Amino acid sequence: RAKAQGKASYKVFDPAMYQEAIQLLEIENDLRRAIERGELIIYYQPIIALNTGQIAGFEALVRWQHPVRGLMAPTEFIPIAEETGLINDLDIWVLQSACQQLRIWQEHPDIPKNLTMSVNLSARLFTQAHLITQIDQIINDTKVNPKNLELEITESVIMENTHVVRSIIEEIKQRNIKLVMDDFGTGYSSLSYIHSLPLDSLKIDKSFITRMQFYQDNLGLVPTIISIAKSMNMTVIAEGVETQEQIVKLRSLNCDFAQGYLFSQALQPEAVIDFIASMPRW
Ligand code: C2E
Ligand code: MG
Ligand code: MG
Ligand code: MG
């Protein structure tokens, strides 16, 4: 049939592109119902304090237990959620659920008190003043202490630099919630601008940690990023730590926290208890 319509129309109906488009539509439709159906789940990745070697908190990382496609990584559906606006409901659901989980752990006898919970918020949420009302509601419902809550934002949030973004950031700080700049180094924001924001921490992107060379101490930008953060009174978290060598260097550079497969992948809540029980105490 395509042949009969000529070469041009055959090109329009490229079967591979068509399949891909249909698949995106299907995922979008499924995602709309995923929250109601309880298909989204949160894994928690431990964050370690490098001065003590003890657990300091967790990052909440969403996954989608899709009935047909199986367990999906956020990279497979967060971009779709962002394009369609579903990210608002998704991120708020994650925030609420992660705060509930933190509250449960705070009451667990085998889990240290004062652990933090870090939650990723997409740039899109920072365009709506409504976000503050939702955050207040969640803190009120779950009774978590706001000082144990950390919101991870990316440079794309602050690149907008609108009045709304600034006022949301100020409101967040007034509540004593911590603000973390995630994937630091991958965006284009200027240092003076970063300096003008009430950020508590910088999280160094995994790509910088991976590229650290130990031969002749050529550690790339990592020492510079850490000293900049320190000069601005921010704490530093290294993301994607996979080797002992990296830890030794990060400690000598006074990096405060690390997360990565060397310690643990993101875990389901039951596995978190086992992880904490298995941690060396020193
Ligand atoms: P991110 O916030 O930078 O999270 C860190 C990612 O690196 C996670 O991938 C984590 O599993 C992975 N990771 C941690 N340590 C290591 C390591 O040692 N080696 C390697 N190879 N990877 C490591 P994940 O869970 O697939 O999440 C990917 C991204 O999806 C996140 O990057 C974040 O940008 C986004 N995301 C996840 N959950 C949410 C959410 O609830 N809301 C929003 N808006 N975005 C989310
Ligand atoms: Mg993050
Ligand atoms: Mg990150
Ligand atoms: Mg990252």
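Quick note: structure is the one above.
Residues numbered from 1 in each chain as written. Chains lettered and ligands numbered in written order. Predicted model: local features only at pLDDT ≥ 70, side-chain atom pairs only at ≥ 80, totals over all residues. Heavy atoms only, no water.

### Points about the site of ligand 1
In the vicinity of ligand 1, 22 residues are found, and the nearest of them are R63, D91, E239, E242 and Y261. Between E59 and ligand 1, the recorded distance is 3.0 Å, taken from a side-chain N or O atom to an oxygen atom. A distance of 3.1 Å separates an oxygen atom of ligand 1 from a polar side-chain atom of D183. Across the complex, the protein chains shield 83% of the 800 Å² of accessible surface that ligand 1 would expose by itself. Applying the majority rule of atoms within 2 Å of the grid points places ligand 1 in the largest pocket. Within the shell around ligand 1, the residues separate by chemical class into eight nonpolar, five polar and nine charged. (Near = heavy atom within 4 Å. Polar contact = N/O pair within 3.5 Å; in protein donor to acceptor, adjacent residues only side chain to side chain. Areas by Shrake-Rupley, 256 points an atom, 1.4 Å probe, with all protein chains shown as cover. 1 Å grid on protein atoms, 1.4 Å probe; cavity = no way out; pocket = protein on both sides within 12 Å on 5 of 7 lines; lining within 4 Å. Sits in = over half its atoms within 2 Å of the grid points. Nonpolar A, V, L, I, M, F, W, Y, C, P; charged D, E, K, R; others polar.)

### Looking at the layout of surface pockets
Considered as a void within the structure, the largest pocket measures approximately 950 Å³ in volume. Of all the secondary structure elements, the ones that give two or more residues to the lining of the largest pocket are strand 1 (40-49), strand 2 (55-66), helix 3 (74-84), helix 4 (87-106), strand 5 (149-153) and strand 6 (178-184). Partitioned by chemical class, the residues of the lining of the largest pocket number 16 nonpolar, 10 polar and 11 charged. (Points joined across faces, edges and corners; volume = space filled by probe spheres on them. Helix = DSSP H or I, 4+ residues; strand = E, 2+ residues; numbered from the N terminus.)

### Description of the packing of aromatic side chains
Evaluation of the coordinates by the stated rule reveals four aromatic pairs. Ring plane angle 80 degrees and centroid distance 6.4 Å describe the contact between Y44 and F58, whose orientation is recorded as edge-to-face. Linking Y44 in strand 1 with F58 in strand 2, this pair joins segments that are 14 residues apart in sequence. Each member of the pair, Y44 as well as F58, carries the same accessibility label: buried. When the ring centre of Y43 is taken as reference, the NZ or CZ atom of R63 above it lies at 5.2 Å. (Phe/Tyr/Trp six-rings, centres within 6.5 Å; stacked < 30°, edge-to-face > 60°. Buried < 20%, exposed > 50% of the residue type's maximum accessible area, 1.4 Å probe, protein only. Lys NZ or Arg CZ within 6 Å of the ring centre and 35° of its normal.)

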